[in-house]
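Tertiary structure, described
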Amino acid sequence: NGNWILAQVDEVTKHDSGETTAKANIIGYRDKGLTRAPRHVIDPDSIVYKADQELISETLGLNEEGLTVGNLETNEDIDIMVDPEDFYKHFAVLAQTGAGKSYLTGVLIEEMLENNFPVLILDPHGEYSSLETENPESDNPEAYDVKEYSPNTDINDQALPLTFSSLNIDKKEIQTLITDSLTNSQMGVLYNALKHLKESEENYNRIDVQDAVSQEDSSAKWNLLNYLEQLEDSGLFSENPVNLEDLVEPGRATVINLRAVEPDTTEMTAYLLAKKLFDLRKKDRVPPFMMVIEEAHNFVPEKGFGKALSNDILR
């Protein structure tokens, strides 16, 4: 009916007679925005042509512009594009170990940076710092604008220190950061301490909270103080914290290098970043951005397979 029909050659055979035959899988033709299979067999002796980029893209419904994620396996000249708007929703890259998840994610990040997206990467193994160096194996080697932070700058000494403010930290945040569940008595002590602080201080920090808890009469304060000291030992809080708005910059990858960071501190980092940046985004103090989470199952495990501090905020 005047439509080009697209097929993919699966097998080519050279016969003793000198004749060459091919077996092809019929993909179909484009009609009203859909790829449809032909309802009639193709006439014998019909001429077969090599399909070009435009026909393949049109028949398969591929974008002709956007982020390049690769090329057709059977034809390196046919680029596969995806709409960048699709990436402002939640999505996952899933495959078996060794299948190339991190490589594909790296390709996507490079494309996003070239399209001036702000990208924030939670990087448990310190793999994404290489974005700032040219890849000699690439046909178009390019270095990207990367800024790296880490809670552990002793090991990751090329990174800037990542710390957060504990100014006016609230009960919900303290409760989330403490990995063990607080008893009703401990919750009562914390509630009273914060209530007294808010009545007497316009601004207070984590040390003020510890002092206020220590002044409570209840014996439940001792375990609570131990928990609060664990927060201090994490090294994630300081009087000179990172300005979180600086982490989100168009065309730049901000890498949070978590290599050699203790598991509890890693979980706290993921929670604090997600929570505080989400709050900033709601207030329109940072632009829309991509948050890339490598090894995401550790930060938001499937229901019934454990729980991480960042579970609820990421969901």
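Further up the page is the structure itself.
So, here is what we can say about the structure in this document.

Now for the pattern of salt bridges. Oppositely charged side chains can form a pair if their charged atoms are brought close together. Per the stated rule, a full pass over the model turns up nine salt bridges. Residue R285 is joined to E245 by a salt bridge in which the shortest nitrogen-to-oxygen separation is 2.7 Å. Here R285 is found in the loop between α7 (263-282) and β10 (290-293), whereas its partner E245 is found in the loop between α6 (221-233) and β9 (253-257), with 40 residues between them in sequence. R285 sits in the partly exposed class, given a relative accessible area of 46%.

Next up on the list: the sheet that holds strand β2 (residues 20-31). Pairing within the open sheet is antiparallel, and its three strands lie in the order β1-β2-β3. Edge positions in the open sheet fall to β1 (6-14) and β3 (34-36), since each of these has one partner strand only. Averaged over all pairs of adjacent strands, the angle between their axes in this sheet comes to 20°, without regard to strand direction. Bridge analysis of β1 against β2 gives eight bridges, and the strand direction is antiparallel. Opposite A7, over in β2, you have I26 as the bridge partner.

Below, the discussion takes up the nonpolar core. The nonpolar side chains of a soluble globular protein tend to be buried, and buried together. Membership of the largest hydrophobic core comes to 48 residues, with the highest contact counts inside it found for V209 and L273. Of all the secondary-structure elements, those providing two or more residues to this core are β6 (119-123), α3 (171-177), α4 (184-200), α5 (206-214), α6 and α7. Element by element, the count of residues in this core is highest for α7, at eight residues. Residues within four places of V209 in sequence aside, it is in contact with I169, I174, L190, L194, L197, Y204 and L228. L67, L108, M112 and L113 belong to the second largest nonpolar core, which has 17 residues in total.

On to the sheet that holds β9, then. One open sheet accounts for five strands, arranged β8-β7-β9-β6-β10; its pairing is parallel. If you trace the sheet from one side to the other, it starts and ends with β8 (160-161) and β10, each paired once. Strand direction decides the pairing type here: strand β7 (residues 146-150) and β8, joined by two bridges, are parallel. Looking at β8, one finds that Y149 is bridged to L160. Strands in contact with helix α2 (residues 101-114) are β6, β9 and β10; relative to β6, the strand with the most contacts, it is inclined by about 155°. The strands that α7 touches are β6, β9 and β10; relative to β6, the one it contacts most, it runs at about 165°.

Definitions and limits used
- Residues numbered from 1 in each chain as written.
- Predicted model: local features only at pLDDT ≥ 70, side-chain atom pairs only at ≥ 80, totals over all residues.
- Heavy atoms only, no water.
- Salt bridge = Lys/Arg side-chain N within 4 Å of Asp/Glu carboxyl O.
- Helix = DSSP H or I, 4+ residues; strand = E, 2+ residues; numbered from the N terminus.
- Buried < 20%, exposed > 50% of the residue type's maximum accessible area, 1.4 Å probe, protein only.
- Pairing = 2+ DSSP bridges.
- Axes fitted to C-alpha atoms, helices over the stretch in contact; angles between N-to-C directions.
- Core = buried A, V, L, I, M, F, W, Y, C linked by side-chain atoms within 4.5 Å.
- Contact = heavy atoms within 4.5 Å.

Purely geometric stuff here, so don't read any function into it on its own.
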